[in-house]
Amino acid sequence: MTSADAGTRKARKPSGFVSLLLLLTGSLLLYVSLPNLGEAARAATGEGTTGTFTAARLGCVGHGGHETCEWTGTFRSADGTVDREGVKLYGSDRDSFEAGERAAAVDVGNAGRVYGPGGSQEWIFTVLLLLAGYTVLAVVAGRHLAPPPLPRPVRTPVPG
C-alpha cells in the first residue's frame, strides 16, 4: 500500500456475525442480572422478613483442592407467618453451626436462600454483570449506529 492509498482508505463495515455474538452476549448478561437486582439490593442492606434460621444439614462440594460448604435448614419468620424448609444460609461454612443451632436471618425473597442480618456482598457480582451487559450493548450500538468516520485528508510531502 502506498502512502497515497493510506490517506484514502475507507473504514471497514462491522462484522455482522461478531455484532450478533456481542448482541446475544449483552442480552444474556442483562437477562441474568436484571431480575436479580431487587434481591441483590435487599440482600446488601439486610432488608426483608426477619426471623430465625435453624441449621439442619451441612452440604460440601470439593473442587480443585478447595472445599465449599453451606448449611441447609429451615427459616421461620419472627411473627411466625413464614416457615420455609430446605433453605441455605448465605455465607455459612463448615464451622458456622452444628445441627440444630439457630441464628438470626433475613428472607429477602430469594427462593432457596436466606441471609444474615448484616446483609451480603452478593450485589457486587450482580451489578458487574449488569454493567458488562450494558457495555457490550453500547459497543454494538456504537458500531452500527454511529456515523462513519470522515475520510482522512491525503498528506502530500512538502518539497524541500
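Residues numbered from 1 in each chain as written. Predicted model: local features only at pLDDT ≥ 70, side-chain atom pairs only at ≥ 80, totals over all residues. Heavy atoms only, no water.

## Quick word on helix 2 (residues 16-33)
Convention followed: Helical segments are the DSSP runs of H or I of at least four residues, strand segments are the runs of E of at least two, and each set is numbered from the N terminus. Under the convention used throughout, the expected extent of a helix is 1.5 Å for every residue step, that is, one less than its residue count. Each residue is placed in one exposure class: buried if its accessible area under a 1.4 Å probe, protein chains only, is under 20% of its type's maximum, exposed if it is over 50%, and partly exposed if it falls in between. Directions are taken from the helix axis to each C-beta atom, and the arc is the one they span. The contact definition used throughout considers only heavy atoms, calling two residues in contact when any of these lie within 4.5 Å. Contacts described as polar in this section are N or O atom pairs within 3.5 Å, which, within protein, must combine one atom able to donate a hydrogen with one able to accept it, while residues neighboring in sequence count only if both atoms come from side chains.
Given a rise of 1.5 Å per residue, 18 residues ought to cover 26 Å, and the 26 Å separating the end C-alpha atoms of helix 2 matches this to within 8%. If you check which residues of helix 2 are buried, you get Ser19, Gly26, Leu30 and Ser33. Buried residues along helix 2 cover an arc of 75° about the axis, so they all sit on one side. Residues of helix 2 that are exposed and angled more than 90 degrees away from the buried face: Phe17, Leu24, Leu28 and Tyr31. Its buried side turned inward, helix 2 meets helix 3 (37-45) and helix 4 (123-145). Near the N-terminus of helix 2, the side chain that reaches the backbone nitrogen of Phe17, with its oxygen 3.4 Å away, is that of Ser15.

## A few points about the packing of aromatic side chains
Put simply, the rule is: Only rings of Phe, Tyr and Trp enter the pairing, Trp through its six-membered ring, and a pair is recorded when the two centres are within 6.5 Å. The plane angle decides the type: under 30 degrees is stacked, over 60 is edge-to-face, the rest tilted.
Evaluated as defined, the whole model comprises 3 aromatic pairs. Considering the side-chain rings of Phe53 and Phe97, the 5.8 Å spacing of their centres and the 50° angle between planes classify their relative orientation as tilted. Within this pair, whereas Phe53 is found in strand 1 (residues 49-63), its partner Phe97 is found in the loop between strand 3 (83-89) and strand 4 (102-107), the two being separated by 44 residues in sequence. You'll find Phe53 and Phe97 in the same group, each marked buried. Ring centres 6.1 Å apart and planes at 85° place the aromatic pair Trp71 and Phe97 in the edge-to-face group. Taken as a pair, Trp71 in strand 2 (residues 66-77) and Phe97 in the loop between strand 3 and strand 4 lie far apart in primary sequence, 26 residues in all. Through successive ring pairs, a cluster of aromatic residues spans Phe53, Trp71 and Phe97.

## Here's the deal with the state of the cysteines
What counts is decided by this rule: Any pair of cysteine sulfurs within 2.5 Å is marked as a disulfide.
Taken as a whole and assessed by the stated rule, the structure comprises 1 disulfide. Across the disulfide from Cys60 sits Cys69; the S-S distance is 2.1 Å. One quick way to see it: the torsion about the S-S bond of Cys60 and Cys69 is about 110°, and its sign makes the bridge right-handed. According to the relative accessible area criterion, Cys60 is partly exposed, its value standing at 33%. Exposure remark for Cys69: the relative accessible area of 9% places this residue in the buried category.

## Details of the pairing of strand 1
Using the following cut-off: Pairing between two strands is assigned when DSSP locates at least 2 bridges connecting them.
Where strand 1 meets strand 4, 6 bridges bridge the pair, whose relative direction is antiparallel. Counterpart to Phe53 in the pairing with strand 4 is Ala103. What sits between strand 1 and strand 2 in their antiparallel hairpin is a turn of 2 residues, with Gly64 showing a positive phi close to 60°.

## A closer look at the UniProt feature "transmembrane region" (unreviewed entry) in the protein
Put simply, the rule reads: UniProt positions are given in the numbering used here, feature names are shortened, and annotations may be inferred rather than shown by experiment.
Mapped onto the present numbering, the UniProt feature "transmembrane region" (unreviewed entry) falls on residues 123-142. Counting secondary structure, residues 123-142 comes out at 100% helix and 0% strand; the distance between its end C-alpha atoms is 28 Å.

## Regarding the pairing of strand 2
On any regular strand, side chains alternate: one points to one face of the sheet, the next to the other face. Note: strand 1 against strand 2, 12 bridges, orientation antiparallel. Bridging from a neighbouring strand, Arg57 pairs with Thr72 of strand 2.

## Remarks on the nonpolar core
Selection rule: To define a nonpolar core, start from buried Ala, Val, Leu, Ile, Met, Phe, Trp, Tyr and Cys residues and group those joined through side-chain atoms within 4.5 Å.
Within the largest apolar cluster, 9 residues are counted, these being Phe53, Ala55, Trp71, Phe75, Val87, Leu89, Phe97, Ala105 and Val114. Elements supplying a minimum of two residues to this core: strand 1, strand 2 and strand 3. Not counting the four nearest positions on each side in its chain, Ala55 is found in contact with Trp71, Thr72, Phe97, Glu98, Ala99, Gly100 and Glu101.

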